Amino acid sequence: MPHRTSSPPQVTESHYRQIVQSAVDYAIVSCDLQGRVTSWNEGARRVLGWSEPEMRGQPVQRFYAPEDVAAGALEHEMETARRDGVALDERWHVRKSGQRFWAVGELMPLKDEEGERITGFVKILRDRSFKRSRDAQLRELNDTLVASEARLQMALDVGGMGVWQCDLKAQAVKWWPGMDTIHGLPADTQPMHLEQYLELVHPEDRARVAGAVRDALRNKSAHQIEYRVVWPDGTVHWLEVRGKLLMDLQGELWRLSGVCLDVTERKRVERDLEFLAQASDELARLHDYEDTLNQIARLAVPHFADWCAIDMLGEAGSLQRVVAAHVDPAKEQLARDLYRRFPAGVAGPTADARWNVLRSGRAERMREITPQVLDESVADPEFREALHALGLRSSMCVPLATRGKVLGVITFVTAESQRRYTAQDQALAEDLARRAAVAIDNAMLLRALQDSDRAKDVFLATLAHELRNPLAPVWNGLSIIKRAPADAARVEHVAQMIERQVGQLSRLVDDLLDVSRISTGKIELEKQRTDLASILRCAIETSRPHIESAQHKLSVHQPDEPVELDADPVRLAQVFSNLLNNAAKYTRPGGNIDVAVRTEPGQVVVSVRDNGSGIAPEMLTKVFALFTQGTHPSQLSQGGLGIGLSLVEGLVRLHGGSVEAQSEGVGKGSEFIVRLPRAEAPAAAAPVAPQAAAEAAHAQPAPTVPARILVVDDNQDAAGTLAELLQMLGSEVAVAHDGKSAIDRTIQFKPHVVLLDIGLPDINGYEVARSIRTLADLPQPRLIALTGWGQEQDKRLAEQAGFDEHWTKPVDPDRLQGLTG
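Residues numbered from 1 in each chain as written. Predicted model: local features only at pLDDT ≥ 70, side-chain atom pairs only at ≥ 80, totals over all residues. Heavy atoms only, no water.

*Asks:* Mind showing me how you'd approach the sheet that holds strand β27 (residues 805–808) here?
*Replies:* Backbone hydrogen bonds are what pair the strands of a sheet, in a parallel or an antiparallel way. Here five strands make up an open sheet; going across it, the order is β24-β23-β25-β26-β27 and the pairing parallel. For this open sheet the edge positions go to β24 (732–736) and β27, each flanked by a neighbour on one side alone. Mean inter-strand twist for the sheet, computed between neighbouring axes without regard to direction, equals 20°. Pairing analysis gives five bridges linking strand β23 (residues 708–712) to β24, with the strands arranged parallel. When the bridges of β24 are listed, L710 appears paired with A734. Contacting β23 and β24, helix α23 (residues 739–749) crosses the sheet at an angle of about 155° to β24. (Pairing = 2+ DSSP bridges. Helix = DSSP H or I, 4+ residues; strand = E, 2+ residues; numbered from the N terminus. Axes fitted to C-alpha atoms, helices over the stretch in contact; angles between N-to-C directions. Contact = heavy atoms within 4.5 Å.)

Listed below in C-alpha cells is the structure:
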C-alpha cells in the first residue's frame, strides 16, 4: 500500500477559544470594524473587571483612558493595524472600578477565511503596572542619588561650603575641599582635632562651640550652631555648622559628619532686613499720600543715607520734588533753598541719573562723587560751590515702580558718614523703593477707592431713580386697571404703557449685563459681512421715538458707495443707537443731531454731533468710564446710569475700532467719532451657520393646537400669570413649583413644551432637565430654560443639561405666541 501522510489535526473554533480563555494573564478582546466588542476572554475579565456579557456589544474605548478616547487612539491603532498588520501601544487604561493601570498592548486585524477582507480586530493587553512602578522607583532612587551628588559637588565648587568628617573610633579627621577656604587658611592646611580647631574660633564663642559638640556626643543627637571665626588677616566671619552622628551596627558612636557654611553675608542681610521690616511696618500704618512720601524719606535718614530726596512724575511729564530729608533740619532748609534757586540743576550730578532711571526703570549708582565729578556735571559756579560745601560722597537713584509703572525716583546721598554705596547697598535700596512704591500706590489706590465709593453712591442713587421711574407708572397703571377693569380703552392704553416701561427695565438690565460681559471678556461678537448703511438705519429706527419725542431734527450724510464691514450688525446698531439716544437726551427740545459717514484708507469714520449741553474739558477723557456723568444725576433733567458710553467704547474696541469725544465746552454741543476697520475682500456668500443647521435638523414639528405647556417656577405669581397668559393664547397649561413635582407632572401631563426655571427650591432646573431627558418611554418635550440668569456660561450650562433653548426673563408675549402652534 502506498504510504499515506496524515494531515495535522484541525484546530477548531472551540480549541481556539480554550486557548484564548486559558491565557488568563492576557486580556484578549475582539471587536468588529466599528470597535464593538465581539469576544472577551477570562484574562480580560481578570485584568479589566468586566464580564463578557457586560462588554459584548460595548465599545472597546470603554477601557481606554478618557484623554486617549478624545485623541482618537483606537482609530489610530486600527489604521496602523490595517497598514502594518499590527499596532503596538503602551499607555494608561481604565478598569471597571475606575482605577487606571499601565498596560502594553497589540491590535491586529482579523480577516475572513480567504484572508482577504478585514472583518474586525483583536486587542491583546497585558497589565504592566507593577513593572512600571518598579522601574519608576528605580529611576527615582537613581535620580535622587545623582541629584544628591550634584548638590554636594556644587556646594564644594562654589567655595562657600565645607564638608568635614570625624571617625570617633580611629580618631581621624577628614576635611573636604572648601573647609580651608571658609576659614581663610591655605589650601594645604591639614585637618584639625577639636582642641586645635577651637583656636580658630572667636574667643567669645569657643565655650559655646565646645559645649555644642559635647552635648551632641552625650545625647547622640544632631547639632546646629552659628559662631564666628577669625581669619589670619584678622577679619571676622560667621559660620553655620550642622553635624550629625552615625552609629555602627552595634549601636555605638561611629562618625560625626557635618557641613560648614559661611553666613557672613546672611548676617549682614539680616540686619538690613530688620531695617526693611521696620520700614514696612511703619509704611503699612500710613494711608495718606503726602504722609507716606515724607515717612519714606525719614526712614532712610540716617540709617541708610545722610540725604534722601523723592521726586514724583507729574501729569505733564515733569519731575516734582516732594520731599528732601536730612538729620539736620538746617540742612533740610538749605536743600529747599537750593531747589528753589537752582531748579534746573538741582541735585547736581544726580540730575541726569534721575531722568535715566525714569526712562529705563533701572537704578543707577555713583560709588564716589569726587570734586572732579562735581566740576564736570555742574555748570553754575554758585551752585557748584554749594555742593562742594556739602561734602557729598556717594549716591544712588532708584525707581519707585509698581505694577509696571514708574511713579518717581528716590535719591540717596551720603556725606558726613563717608559711606560709599556698594552693589549690596543698591539691592537694599531697590528693595526699600519697591516697598515704598507699594505704599505710595496703596495710598493712591485708597484715594481712588474713596473716589470710586463716591461714584458708587451716585450710581446706586441713580439706579434707584432709574428703577423707580418705570415702576411708578406701572404701579399707577395697575391701580387704574383695578378701579376700571371694564373700561377696555383705558385698560388697553394702560397695558401699552406698562409694556413700554417693562421694556425700558429690560433694556436697563441688558445694558448692565453687556457692560459686565465686556469687562470680563465674556461677550462674543457674531461677525458677518454687513453694510454700514443698514446698521445705521436699524439704529435710527430704534432711537427714533427718543428723537421725535424731543422734536429734534435729525440729518444723515452717507457716501454714495456701499461701506462694508466685517462686524456684528446687532452690536454696532446698539453702539450707534446709544450715541443717538445720548444726543437726544442731552440736547434741548428742538435741537439738531447730525450723523455723518466718511471713508478713509482702511477705515470708516462715523460722527454723531449735537448742539446740546456739551462736555466740560476735564470730562472728555472720562466720559467712557463706567458710571461717569458730568454732574450728579439729581442735577440733570435727564437721568441715566452712565453706562451707555462705556458700552459704546467696549463694543467698538471689540470690533478693532476706537471712539473719541469732542466738545468745545459746556453748552456748546458734543461730537462722538467712531472709527471702524473696513472689510477688505469682496463679500462671500454667507454659509449656513453650523449651529443653526443643527438646530434646524433637530427641530421638532410645531405642536398641534392646543399645545400642552408645563410651566415650572417657584415664584407662584410668576408661574400663575405666565400660565394664565398661555391659556389666553390657546394652550393647555399645567404648573409646578419645584423640581420633583416638575418631573412627576411631565410624566403625567406629557407636555409638548416645558418652560423651566433654574433656581428651584429642591433640585435645580439643570437636574430636572437631565431627569426628563432620561425618561425613555416619554415623548421628549421641547425644553426651554426660562430664567433671570443670562450670561454665556448660563447658556452653556443649559445646553449641557439638555435644554433646547435658553430664554431670559421677562419674555415678550409675541415669543410665547410661537409656542401655541
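*Asks:* Where do I start with helix α24 (residues 765–773) in this structure?
*Replies:* Note: α-helices contain 3.6 residues per turn, so residues at a spacing of three or four share the same orientation. The complete set of buried residues in α24 reads G765, Y766, V768, A769 and I772. In a view along the axis of α24, the buried residues occupy a sector of 160°, so they form one face of it. For α24, the secondary structure elements touched by its buried residues are α23, β25 (753–756), β26 (782–787) and α25 (792–801). By the N-cap criterion, in which a side-chain oxygen at the helix start approaches the backbone nitrogen of a residue two or three places on, α24 is capped by N764, the distance to Y766 being 3.0 Å. (Buried < 20%, exposed > 50% of the residue type's maximum accessible area, 1.4 Å probe, protein only. Arc of directions from axis to C-beta. Polar contact = N/O pair within 3.5 Å; in protein donor to acceptor, adjacent residues only side chain to side chain.)

*Asks:* Would you take a moment to explain the nonpolar core for this structure?
*Replies:* Most often, soluble globular proteins keep nonpolar side chains buried together rather than apart. L532, F576 and L579 are the most contacted members of the largest nonpolar core, which has 39 residues in total. Looking at this core, the elements that each hand over two or more residues are α18 (532–549), β18 (564–567), α19 (569–585), β19 (592–600), β20 (603–610), α20 (644–654), β21 (658–662) and β22 (670–677). It is α19 that contributes the most residues to this core, eight residues altogether. Contact partners of F576, with chain neighbours within four places excluded, come to L532, I535, L536, A539, V606, V674 and L676. Ranked by size, the runner-up nonpolar core spans 35 residues in total, among them L293, M312, I410 and F412. (Core = buried A, V, L, I, M, F, W, Y, C linked by side-chain atoms within 4.5 Å.)

*Asks:* Help me understand the pattern of salt bridges in this model?
*Replies:* Any two side chains of opposite charge can pair if their charged atoms end up close together. Following the criterion strictly, the structure yields 43 salt bridges and no others. Two residues, R83 and D84, come together in a salt bridge whose shortest N-O distance is 3.2 Å. Using a relative accessible area of 55% as the deciding quantity, one classes R83 as exposed. Notably, a salt bridge pairs D375 with R384, separated by 3.8 Å at the nearest N-O pair. One salt-bridge network, held together by shared partners, links D68, E77, D89, R91 and K123. (Salt bridge = Lys/Arg side-chain N within 4 Å of Asp/Glu carboxyl O.)

That's the geometry; what it means functionally is another story.
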